[in-house]
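# A structural walkthrough
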Amino acid sequence: MPEQPYEPEGAIAGTGMGGAMDLAASEATTLEKTPGGPEGTGPQAKPRSLWSDAWRDLRRNPVFLISGLVILFLVFISLWPSAIASGSPLKCDLAKAQQGSSAGHPFGYDGQGCDVYTRTVYGARTSVTVGVCATLGVALLGSVLGGLAGYFGGVWDSVLSRITDIFFAIPVVLGGLVLLSVVTSNTVWPVVGFIVLLGWPQISRIARGSVITAKQNDYVQAARALGGSSSRILLRHITPNAVAPVIVVATIALGTYIALEATLSFLGVGLKPPSVSWGIDISAAAPYVRNAPHALLWPSGALAVTVLAFIMLGDAVRDALDPKLR
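Structure report, in brief.

Looking only at helices and strands, the protein features 12 helices and two strands. Counting from the amino terminus, the protein carries its helices and strands in the arrangement β-β-α-α-α-α-α-α-α-α-α-α-α-α. Taking all 326 residues of the protein together, the buried fraction comes to 37%. Intrachain contacts of the protein at a sequence separation of at least 6 include 68% that bridge at least 24 residues.

Where nonpolar side chains cluster on the molecular surface, the patch consists of Val 172, Val 173, Leu 174, Leu 177, Val 178, Leu 179, Leu 197, Phe 266 and Leu 267 and spans about 710 Å² of accessible area. Ranked by the residues each element gives to the nonpolar patch, the list is headed by helix α6 (residues 172-180), at six residues. One can find Val 178 in helix α6. Taking relative accessible area as the criterion, Val 178 reaches 52% and is therefore assigned exposed.

Our focus in this paragraph is the nonpolar core. Ile 258, Leu 303 and Leu 321 are the most contacted members of the largest nonpolar core, which totals 34 residues. Elements supplying a minimum of two residues to this core: α2 (50-59), α3 (62-79), α4 (116-152), α10 (244-267), α11 (278-285) and α12 (293-321). With 11 residues, the top contributor of residues to this core is α12. For Ile 258, the contacting residues outside a window of four places in its chain are Ser 127, Gly 131, Leu 303, Thr 306, Val 307 and Phe 310. Core analysis: the second largest hydrophobic core is formed by 24 residues, Val 138, Leu 180, Ile 195 and Tyr 257 among them.

Viewed as axis vectors pointing N to C, helix α7 (residues 189-214) and α10 meet at an angle of 155°, and their least axial separation amounts to 11 Å. With respect to α10, the axis of α7 lies roughly antiparallel. Crossing of α7 over α10 shows right-handed handedness. Along the contact surface, α7 presents Val 191, Phe 194, Ile 195, Gly 199, Gln 202, Ile 203, Ile 206, Ala 207 and Ser 210, while α10 presents Pro 245, Val 246, Val 249, Ala 250, Tyr 257, Leu 260, Glu 261 and Leu 264. Looking at the contact of α7 with α10 residue by residue, the class counts come to 13 nonpolar, three polar and one charged.

Moving on, we get to the pattern of salt bridges. According to the stated counting rule, one finds seven salt bridges in the structure shown. Residue Arg 205 pairs with Asp 165 through a salt bridge whose shortest N-O separation is 2.3 Å. With Arg 205 in helix α7 and Asp 165 in helix α5 (residues 154-168), the pair connects residues that are 40 residues apart, well separated along the chain. Here Asp 315 and Arg 318 are joined by a salt bridge, their closest N and O atoms 3.8 Å apart. Residue Asp 315 and its partner Arg 318 are located together in helix α12, separated by three residues, close to a single helical turn. For Arg 318, a relative accessible area of 36% puts it in the partly exposed group. Bridged by salt links that share partners, the residues Arg 162, Asp 165 and Arg 205 form one connected network.

Let us now look at the side chain of Thr 120. Within the element layout of this structure, Thr 120 appears in helix α4. The contacts of Thr 120, once residues within four sequence positions are left out, are Phe 107, Trp 278, Trp 298, Pro 299 and Ala 302.

Mapped onto the fold, Val 75 is located in helix α3. The class of Val 75 is partly exposed, set by a relative accessible area of 34%. Separated by 53 residues in the primary sequence, Val 75 and Val 128 have C-alpha atoms spaced 7.1 Å apart.

Another point: the side chain of Asp 115. Tracing the sequence through the fold places Asp 115 in the loop between α3 and α4. Although Asp 115 lies buried, it forms no salt bridge, and the closest oppositely charged side chain, Lys 96, sits 9.2 Å away as judged by the N-O distance. Within polar-contact distance, the side chain of Asp 115 engages the side chain of Thr 118 at 2.7 Å. Leave out the neighbours within four places in its chain, and Asp 115 touches Lys 91, His 105, Gly 108 and Tyr 109.

Next up on the list: α7. The terminal C-alpha atoms of α7, which comprises 26 residues, lie 35 Å apart, in line with the 38 Å expected from a rise of 1.5 Å per residue. Along α7, the sharpest kink reaches roughly 40°, centred on Gly 199 and followed within four residues by the proline Pro 201.

Bringing α6 into the picture now. Along α6, the residues that are buried comprise Gly 175, Gly 176 and Leu 180. The buried residues of α6 occupy one face: seen down the axis, they fall within an arc of 100°. Against the buried residues of α6 lie α7 and α10.

Once that is clear, we can look at unusual backbone geometry. For the peptide bond that leads from Pro 273 to Pro 274, omega is 10°, which places it in the cis range. As for its position among the elements, Pro 274 is in the loop between α10 and α11. For Gln 98, which is not glycine, the phi torsion reads 65° and is therefore positive. Take Gln 98: it is sitting in the loop between α3 and α4. By relative accessible area, which is 26% here, Gln 98 ends up partly exposed.

Rules used throughout
- Residues numbered from 1 in each chain as written.
- Predicted model: local features only at pLDDT ≥ 70, side-chain atom pairs only at ≥ 80, totals over all residues.
- Heavy atoms only, no water.
- Helix = DSSP H or I, 4+ residues; strand = E, 2+ residues; numbered from the N terminus.
- Buried < 20%, exposed > 50% of the residue type's maximum accessible area, 1.4 Å probe, protein only.
- Contact = heavy atoms within 4.5 Å.
- Patch = residues over 30% accessible without salt bridge, like charges linked within 9 Å, V, L, I, M, F, W, Y side chains within 5 Å.
- Areas by Shrake-Rupley, 256 points an atom, 1.4 Å probe, with all protein chains shown as cover.
- Salt bridge = Lys/Arg side-chain N within 4 Å of Asp/Glu carboxyl O.
- Core = buried A, V, L, I, M, F, W, Y, C linked by side-chain atoms within 4.5 Å.
- Axes fitted to C-alpha atoms, helices over the stretch in contact; angles between N-to-C directions.
- Parallel < 35°, antiparallel > 145°, perpendicular 65-115°, else oblique.
- Left-handed = near helix turned anticlockwise from the far one by under 90°.
- Nonpolar A, V, L, I, M, F, W, Y, C, P; charged D, E, K, R; others polar.
- Lys, Arg positive; Asp, Glu negative; His and termini not counted.
- Polar contact = N/O pair within 3.5 Å; in protein donor to acceptor, adjacent residues only side chain to side chain.
- Expected span 1.5 Å × (residues − 1).
- Bend = angle between axes of the 7 residues up to and from the residue.
- Arc of directions from axis to C-beta.

Rendered as structure tokens:
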């Protein structure tokens, strides 16, 4: 019987699982060249990075969109509060003390006759400034110290670990009462400095663990074998792959720092009058909560919405950057 000629179109490719898969060579070629195939596949598809995948997921996340819009609005009124509040937050009239809402003054007046709406709008500037500056300082200091400790290890790692344990043992509110009670400055910088002083150990531990994990990867070992310097390996290979957990923790912590500033201002050791702060307004309105609850409601609500927005943003960023949650 004459042997049948071999035809590639009818070839059968073994699956290695005890079965077979019919795939014509022309069909396989068509699948490889079809641009409408699965996203990210094919010879012409560009590999997506962690950041591009995260950004794609964030754009589809309603939690990120809602919190992002709230934060953009807060940043806008922090930079240009006069765009939606024409009055002065320091202008008060005792004759209108504790009065309710009226035309042009939708939030009413506080116990000193100040416009609650205007002070609530201007109070966003203080909270956003403290939160952003403190977060940047904490992230920078903690990432540098923790990253160096995780990369070099040894005595440096042991010493830094013991120092972080000491700072973790200090109660934050009690430390603020002690340290800020002797400060006479009426700006946000003493509060920012205090938050950075007690906040960097958390970021430091996150950065240390992330760097220890990243430096064990094969690409880092290859770069070291090729003679790469420590600074180049840290900046080019480890930092881009270890910074994601730091960003997540710092984003969530930003809302916590805003609440901490309001707490310290409420206790009288943070910002002090004539500065405008939600914590100051909440403290001033507390004795009049029965007669003028609106004076306490609006700054408290603004503070709660702001903290919630940053926490929701941090949760969305965490879900997008963590491959295990996909």
